[in-house]
Amino acid sequence: MAAREYNASNIPTWVYTTTEGRLPKRYVSLWMKRDLTFIANSNYTKEKLEEAGLAVADIVPHGIVMSEAEQAIQFKQQARKYLESRLGAGTIFVTVASAHKRKGHDLYASVIGIVTNECEDCKFYILTQPEAASFYDGLRNTYIDTRFGQLSRLEVLSLLAAADWYVQPSLAEGYGLPIAEAQAVGTPCIHLQYPPLTEHSHPENIMVPFIDIVYDPMGEGIEYELHLYKPDDFAKAILTAHDISVNQKDKYNELSRKVREHAKNFDAEKVYSKFFQDIVVVEEIA
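Residues numbered from 1 in each chain as written. Predicted model: local features only at pLDDT ≥ 70, side-chain atom pairs only at ≥ 80, totals over all residues. Heavy atoms only, no water.

> Outline the side chain of threonine 128, supporting the account with residue identities and numerical values.
Tracing the chain through its elements places threonine 128 in the loop between strand S6 (122-127) and strand S7 (142-145). Accessibility expressed as a relative area gives 0% for threonine 128, which makes it buried. Looking at threonine 128, its side chain comes within polar contact range of the main-chain oxygen of alanine 97, at 2.7 Å. (Helix = DSSP H or I, 4+ residues; strand = E, 2+ residues; numbered from the N terminus. Buried < 20%, exposed > 50% of the residue type's maximum accessible area, 1.4 Å probe, protein only. Polar contact = N/O pair within 3.5 Å; in protein donor to acceptor, adjacent residues only side chain to side chain.)

What follows is the structure, given as structure tokens:
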């Protein structure tokens, strides 16, 4: 509504947005198609907006402030000590996710159960909200930190840097920012193989195939595009990652280097410069 009012007052305004699924056309008013122009954060978001009849001017992915990533790496050892104080030594898999249903905590808990039955050295740290904690009740080698949204950005990035692997178990995303953040601090990732995650994830990260797509509005308007998978497949991916960390250290170190270098493609100064370019174009037109 604010963008509509600005445009009506001859103040050119675009809406930078994301979506994690389909936008039901019954909620898309004529004025939204007529009076608004969007900038999408991913090609996936662009496709979903256009399917709903909305105008998309550009794609600008979420940017990473590389100086923040560099600072976080300096606290890597300190953060690692914290993780090991909660989990002990081993291969540590970190996840940062809200308690929303699309984050897939229920399925991921099943994955952890399979892995910990086979691998005593696989450890799991999940930073989430209290509402999701119950999914992980009774799981071994798993620590649930319910301070999601309370830690500083530097603290979260430092935890990502201290992890051996970052795991994104989300069933639906409009971008998947933690993957980009993990790559920026040199931590390889494991996630489902669907866009938009595949748009910015390094191709050598470990990706898990999905077996089905289900649309669920969850009473929130968006028809979330949930990518379902077999827990056994995800567990195998994690066990493969553990083997790389322990038995293929050169491969792991090279992948860490590659994902960190790949993250530079999403440097905030680089990707957000498109906003300034677009603003100049608008001003020239005005």
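Read on, since the account is not over.
> Account for the sheet that holds strand S3 (residues 37-40), with residues named and values stated.
Taken in spatial order, the 3 strands line up as S1-S3-S4 in an open sheet, and their pairing is parallel. Each having just a single partner strand, strand S1 (15-17) and strand S4 (55-59) make up the two edges of the open sheet. On average, each strand axis in the sheet is tilted by 35° relative to the strand beside it, whichever way the strands run. Relative to S3, S1 is paired through 3 bridges, and the arrangement is parallel. Looking at S3, one finds that threonine 17 is bridged to alanine 40. This element, helix H3 (residues 43-51), spans S1, S3 and S4 of the sheet and lies at about 170° to S4. (Pairing = 2+ DSSP bridges. Axes fitted to C-alpha atoms, helices over the stretch in contact; angles between N-to-C directions. Contact = heavy atoms within 4.5 Å.)

> Tell me what's going on with the sheet that holds strand S5 (residues 91-96), and back it up with residues and numbers.
Spatially, 6 strands are ordered S7-S6-S5-S8-S9-S10 in an open sheet, and the strand pairing comes out parallel. Looking at the sheet topology across the chains shown, the edges are occupied by S7 and strand S10 (206-208). Put simply, the sheet's adjacent strands are angled 20° from each other on average, direction ignored. On the sheet, helix H6 (residues 105-118) packs against S5, S6, S7 and strand S8 (165-168) and is oriented at approximately 160° with respect to S6.

> Quick rundown of the pattern of salt bridges? Include the residues and the values.
Close approach of charged atoms allows side chains with opposite charge to pair. Under the counting rule described, the total for this entry stands at 20 salt bridges. Arginine 22 serves as the salt-bridge partner of glutamate 223, at 2.9 Å between the closest nitrogen and oxygen. In this pair, glutamate 223 sits in strand S12 (residues 223-228) while arginine 22 sits in strand S2 (residues 21-22), placing the two residues 201 residues apart along the sequence. Here glutamate 223 falls in the buried class, since its relative accessible area comes to 17%. Arginine 22 sits in the partly exposed class, given a relative accessible area of 32%. Notably, a salt bridge pairs lysine 264 with glutamate 261, separated by 3.2 Å at the nearest N-O pair. Salt bridges sharing common partners tie together Glu20, Arg102, Lys103 and Glu173. (Salt bridge = Lys/Arg side-chain N within 4 Å of Asp/Glu carboxyl O.)

> Tell me what's going on with the environment of glycine 174, and back it up with residues and numbers.
Summarising the element assignment, glycine 174 is placed in the loop between S8 and helix H8 (177-184). Classification of glycine 174 as buried rests on a relative accessible area of 1%. When the C-alpha positions of glycine 174 and lysine 251 are compared, they lie 30 Å apart, and in sequence the two are 77 residues distant. If sequence neighbours within four positions are ignored, glycine 174 has contacts with Thr18, Thr19, Glu20, Asn41, Ser42, Thr45 and Pro196.

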